[in-house]
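# Structural features, examined
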Amino acid sequence: MEPIEDLDVLSEERVRQREADDADEDLDRVKHGYDATAGDKQVYIETYGCQMNVNDSGIVASVLKESGYGLTRDEAEADVVLLNTCAIRENAEQKIRTRLGMLRAEKERRDGELMLGVLGCMAERLREKLLEQEDLVDVVVGPDAYRDLPQLLYEADATGQAAVNVELSKQETYADIDPVRYDSNGVSAYVSIMRGCDNMCTFCVVPFTRGREESRLVTTILSEVSQLVEEGYREVTLLGQNVNSYHYTDENGSSVSFAELVDRVSRVSPELRVRYSTSHPKDCTDELLQVHRERPNVCNYIHLPVQHGNTEVLDRMRRTYTREEYLALTERAKELCPGLSLSTDLIAGFCGETEAQHRDTLSLMEAVRYDHAYMFKYSERPQTYAARKYEDDVPEDVKQRRLEEIIELQNQHSKESNEEEIGRVHTVLVEGPSKKSDEQLFGRTDTNKGVVFDREDYEQGDYVRVRVEDCTSSTLLGTAIGRTTLTEAARTDPITTEAVAA
Ligand code: 5AD
Ligand code: SF4
């Protein structure tokens, strides 16, 4: 899953409050979606980690809103602060501990009149231990228990005791909940299609914090996407920890594969771009590649985490493919989808990694030439197979140096890939003003590259043909040629809508 910078997830607008009519309301009413204690209480949610957490914070906000809570962007006016946490690497947890330390001081300043909640993966991993260790948290809620949050807040408030629900559920997909789309640009939206992961890669804590894979009912996905199109959204990213192992079998026994789902989503509107994240190479089927090839609005981009370039290490990571199989897959993908852009995740310094094995990662990067990569030092996670069975034996300075070599090579590849774009014309979906200037717009190509160009009279949500004139290693700089539609772009360039020499 594509990691994001820490993101403050807050309400777009203040939600109107339900009136608290009776402070003695019983718990049953809380269970049924009305929390008398919510009153005009304001909740501030802060999100760490992956896009899945961003989407989950939207679900949490939606559940709390239903129960009468207001959502605030201003921490100072919050009655409840919730941290939606990440446990993927030790430093992610460390960051949250530091943040809890700051909140302890704030709680003391307010004489205890501030409720604190830890949600998500760290809540699931540490459970009651979090209460013992931190001694300041009021609610601890795992990723499958967000529907209970109003009741847990009520209980904690009423009893003065911490309330915990970290039960994982094989059924919970929050299929019927419309997430609050915090900080949305109104152009692109995440749509959660499955939760959990059954892969048990030996380094990864996700199967322990998120539980078993569960796919969401197809019809609820399609109706959420239709609703987004009606609201004017132009791009959806289908989300899941292991999105391409999506598989839904209905009561009549008919089943829908991920490839079929992507195809169906792409038919909701020809003007809607479809992306997904994050995928596992073992589930990147020919059927799925054909959907990329045949459906012009399914983006010509796949995030395909390889993790490592050496077969023995891949085996110890339990990734279920060899270096050669992965390389054959990327060859096949590029053959079926000319101009395909690939990105990846890489781990440096996994248990037992030798210098030669590390060089295999570098040579695999040379062979694939990713447009982008997320690169990490191995971080041992409690409970995982690697933590139990392997020794975390690559010294810290060696891990760091290997990571730096990987980053340096990727920067070079990203730069060269961007330089090759100069002179090409891309269809860019405008997401909003560029970070540096209101006079310029920022958008993305179908291949997920960021492009900046002069605003002129173009607007957020427009598809614009842009000629690339220059680049940095991370961004393309271009000149707009004119407005277009995806349908028109597909007609002029049937396979990819991209990479047209000017
Ligand atoms: N140490 C370092 N990186 C990890 N990832 C997952 N677990 C670990 C770990 N223990 C990385 C993988 C995954 C991404 C989301 O985080 O590359 O694809
Ligand atoms: Fe973790 Fe592997 Fe599942 Fe990805 S596929 S979430 S790395 S266990």
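This one's a predicted model, so the numbers in the text were calculated from it and none came from an experiment.

## Focus on a negative patch on the surface
On the surface, Asp438, Glu439, Asp454, Glu456, Asp457 and Glu459 cluster together into a negatively charged patch. Note that Glu459 resides in the loop between strand E20 (450–454) and strand E21 (463–471). Residue classification places Glu459 among the partly exposed residues on the basis of a relative accessible area of 49%.

## Quick look at the nonpolar core
Ranked by internal contacts, the top residues of the largest apolar core, which has 54 residues, are Ile193, Leu238, Tyr246, Phe258 and Leu261. Counting 26 residues, the second-largest nonpolar core is a separate cluster that includes Val80, Leu119, Leu152 and Val180.

## Quick word on helix H6 (residues 149–159)
Listed as buried for H6 are Leu149, Pro150, Gln151, Leu152, Leu153, Tyr154 and Ala156. Following H6 by one or two positions, Gly160 has its phi on the positive side, about 75 degrees.

## Considering the sheet that holds strand E8 (residues 188–192)
Strand order in the open sheet made by the three strands is E8-E11-E14, with parallel pairing throughout. Two strands close off the open sheet at either side, each with one partner strand: E8 and strand E14 (273–277). Going from strand to strand, the sheet's axes swing by 25 degrees on average, the running direction of each strand aside. Relative to strand E11 (residues 235–239), E8 is paired through five bridges, and the arrangement is parallel. Residue pairing in the sheet places Ser192 in a bridge with Leu239 of E11. Each of E8, E11 and E14 touches helix H2 (residues 51–66); the most contacted strand, E8, lies at about 85 degrees to it.

## A few points about the site of ligand 1
Around ligand 1 sit 12 residues, and of these Arg89, Phe203, Gln307, Asp345 and Ser379 come closest. One nitrogen or oxygen atom from the main chain of Phe203 is found 3.0 Å from a nitrogen atom belonging to ligand 1. A distance of 2.6 Å is found between an oxygen atom of ligand 1 and a side-chain nitrogen or oxygen belonging to Gln307. Sorting the residues of the shell around ligand 1 by element identifies strand E16 (341–348) and strand E17 (372–377) as the ones contributing at least two each. Considering only residue class, the shell around ligand 1 consists of six nonpolar, two polar and four charged.

## Description of the site of ligand 2
For ligand 2, the full set of nearby residues is Cys197, Asn199, Met200, Cys201, Phe203, Cys204, Val206, Pro207, His280 and Arg319. Looking at the shell around ligand 2 residue by residue, the classes come out as seven nonpolar, two polar and one charged.

## Re the pattern of salt bridges
Inspection of the entire model under this criterion finds 41 salt bridges. As a salt-bridge pair, Glu214 and Lys170 come within 3.1 Å of each other at their nearest N and O atoms. In this pair, Glu214 sits in strand E10 (residues 214–215) while Lys170 sits in the loop between strand E7 (163–165) and E8, placing the two residues 44 residues apart along the sequence. Look at Lys170 and you get partly exposed, because its relative accessible area is 41%. Note that Glu416 is salt-bridged to Arg369, the shortest N-O span being 2.4 Å. Taken together, the residues span a long stretch of sequence, with Glu416 in helix H15 (residues 396–420) and Arg369 in the loop between helix H13 (355–368) and E17 at a distance of 47 residues. Overall, Glu416 belongs to the partly exposed group, its relative accessible area being 28%. The network of salt bridges with shared partners includes Glu90, Glu93, Arg97, Arg125 and Arg381.

## Section: the sheet that holds strand E15 (residues 301–303)
Taken in spatial order, the three strands of this open sheet run E15-E16-E17, and their pairing is parallel. The open sheet is flanked by E15 and E17, the only strands paired with a single partner. Strand-to-strand twist across the sheet, computed as the mean angle between neighbouring axes with direction ignored, equals 10 degrees. The pairing of E16 with E17 spans six bridges and is parallel. Bridged to Asp345 within E17 is Tyr374.

What counts as what
- Residues numbered from 1 in each chain as written.
- Chains lettered and ligands numbered in written order.
- Predicted model: local features only at pLDDT ≥ 70, side-chain atom pairs only at ≥ 80, totals over all residues.
- Heavy atoms only, no water.
- Patch = residues over 30% accessible without salt bridge, like charges linked within 9 Å, V, L, I, M, F, W, Y side chains within 5 Å.
- Areas by Shrake-Rupley, 256 points an atom, 1.4 Å probe, with all protein chains shown as cover.
- Salt bridge = Lys/Arg side-chain N within 4 Å of Asp/Glu carboxyl O.
- Lys, Arg positive; Asp, Glu negative; His and termini not counted.
- Charge placed at Lys NZ, Arg CZ, Asp CG, Glu CD.
- Helix = DSSP H or I, 4+ residues; strand = E, 2+ residues; numbered from the N terminus.
- Buried < 20%, exposed > 50% of the residue type's maximum accessible area, 1.4 Å probe, protein only.
- Core = buried A, V, L, I, M, F, W, Y, C linked by side-chain atoms within 4.5 Å.
- Pairing = 2+ DSSP bridges.
- Axes fitted to C-alpha atoms, helices over the stretch in contact; angles between N-to-C directions.
- Contact = heavy atoms within 4.5 Å.
- Near = heavy atom within 4 Å.
- Polar contact = N/O pair within 3.5 Å; in protein donor to acceptor, adjacent residues only side chain to side chain.
- Nonpolar A, V, L, I, M, F, W, Y, C, P; charged D, E, K, R; others polar.

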